[in-house]
Amino acid sequence: AVRFVEEYRLGKKSAVDVALFDLMMPPPRKEVSGDLHREAIRTGEQYPIGIFLSIFATIANIPIVGLLTDTNHHYGFMPSMLNLFQKDISVMQSSSMRLNVEGMKEKPAPIKINDSFVFLSNNREWFDRKTGKKDWESFLAYMLEQR
């Protein structure tokens, strides 16, 4: 993330084809996050900054942008908003861009923002609740398939 932010600031075209973010992430380096008061960031904590990095990736025209979280929509405001946003976007877009529903699993439809296809997901198929590991490879494969 830091690389394309720095490239964008320098006016360079990004060589990045895909940007993947977790919704909840540790804060980025000071060069990216700016001058925050030292008490604003607690070591070891994660913050919902992935959504903002995703937006920045669309401004930088990264072709494919993915945001994945394992945070349950019942336990956090941001994942809950992610669910609502996905459903609203699905209704507003054409039928070819609607959410793909397989049983109780909803996979995100791509959202076109600038020159980017954006995928926002908390689909349980791409993470293991027992291990806490995310299946980034399968998420990426899905995004490449849908584009």
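About the thresholds
- Here the residue numbering is sequential within each chain, running from 1 through the sequence in written order.
- Confidence filtering applies because this is a predicted model: local features only for residues at pLDDT of at least 70, side-chain atom pairs given and counted only at 80 or more, and all residues used for totals across whole chains, interfaces and linings.
- Derived side-chain values reflect all non-hydrogen atoms in the structure, with water molecules and hydrogen atoms excluded from consideration.
- Each nonpolar core is a collection of buried residues, namely Ala, Val, Leu, Ile, Met, Phe, Trp, Tyr and Cys, held together in the definition by side-chain atoms within 4.5 Å.
- Remark: exposure states derive from per-residue accessible area (1.4 Å probe, protein chains only) relative to the maximum for the residue type, with buried under 20%, exposed over 50%, and partly exposed in between.
- By definition, any uninterrupted DSSP run of H or I lasting at least four residues is a helix, any uninterrupted run of E lasting at least two residues is a strand, and each is numbered from the N terminus.
- We call two residues in contact when some of their heavy atoms are within 4.5 Å.
- Here the arc refers to the directions that run from the helix axis out to each C-beta atom.
- By definition, two strands form a pair when at least two bridges between them are found by DSSP.

Participant: So what exactly am I meant to see when it comes to the nonpolar core here?
Facilitator: Here is a general trend for soluble globular proteins: nonpolar side chains tend to be buried in one another's company. In this structure, Phe21, Ala57, Ile62, Val65, Leu67 and Leu120 are the most contacted members of the largest nonpolar core, which totals 18 residues. At the level of elements, β1 (18–22), α3 (50–59), β2 (64–68) and β6 (116–121) are the ones that each hand at least two residues to this core. Among the elements that take part in this core, α3 stands out by supplying 3 residues, more than any other. Residues within four places of Val65 in sequence aside, it is in contact with Ala19, Phe21, Ser54, Ala57, Thr58, Ser116, Phe117, Val118, Phe119 and Met143. Trp126, Phe139, Tyr142 and Met143 belong to the second-largest nonpolar core, a separate cluster that totals 8 residues.

Participant: Looking at this structure, how should I read helix α5 (residues 136–146)?
Facilitator: Owing to its 3.6 residues per turn, the α-helix aligns residues three or four sequence positions apart on the same side. Within the sequence span of α5, burial applies to Phe139, Tyr142 and Met143. In an axial view of α5, the angular spread of the buried residues amounts to 95°, which keeps them on one side of the axis. Facing away from the buried side of α5 by over 90 degrees, the exposed positions are Glu137 and Glu145.

Participant: So what exactly am I meant to see when it comes to the environment of Phe52 here?
Facilitator: Its place among the elements puts Phe52 in helix α3. In sequence terms Phe52 and Leu23 are 29 residues apart; their C-alpha atoms lie 9.0 Å from each other.

Participant: Sorry, what's going on with α3 here?
Facilitator: The complete set of buried residues in α3 reads Gly50, Ile51, Leu53, Ser54, Ala57 and Thr58. Seen along its axis, α3 keeps its buried residues to an arc of 160°; they face one direction. After α3 finishes, the residue Asn61 shows a positive phi value of roughly 60°.

Participant: Sorry, what's going on with the pairing of β2 here?
Facilitator: The two faces of the sheet receive side chains in turn, since in a regular strand these alternate between them. Taken across its 5 residues, β2 has 5 buried, putting it largely inside the fold. Here β2 shows a buried face lined by Ile64, Gly66 and Leu68 and a second buried face lined by Val65 and Leu67. Across 5 bridges, the pairing between β1 and β2 is parallel. By the bridge assignment, Phe21 is partnered in β2 with Leu67.

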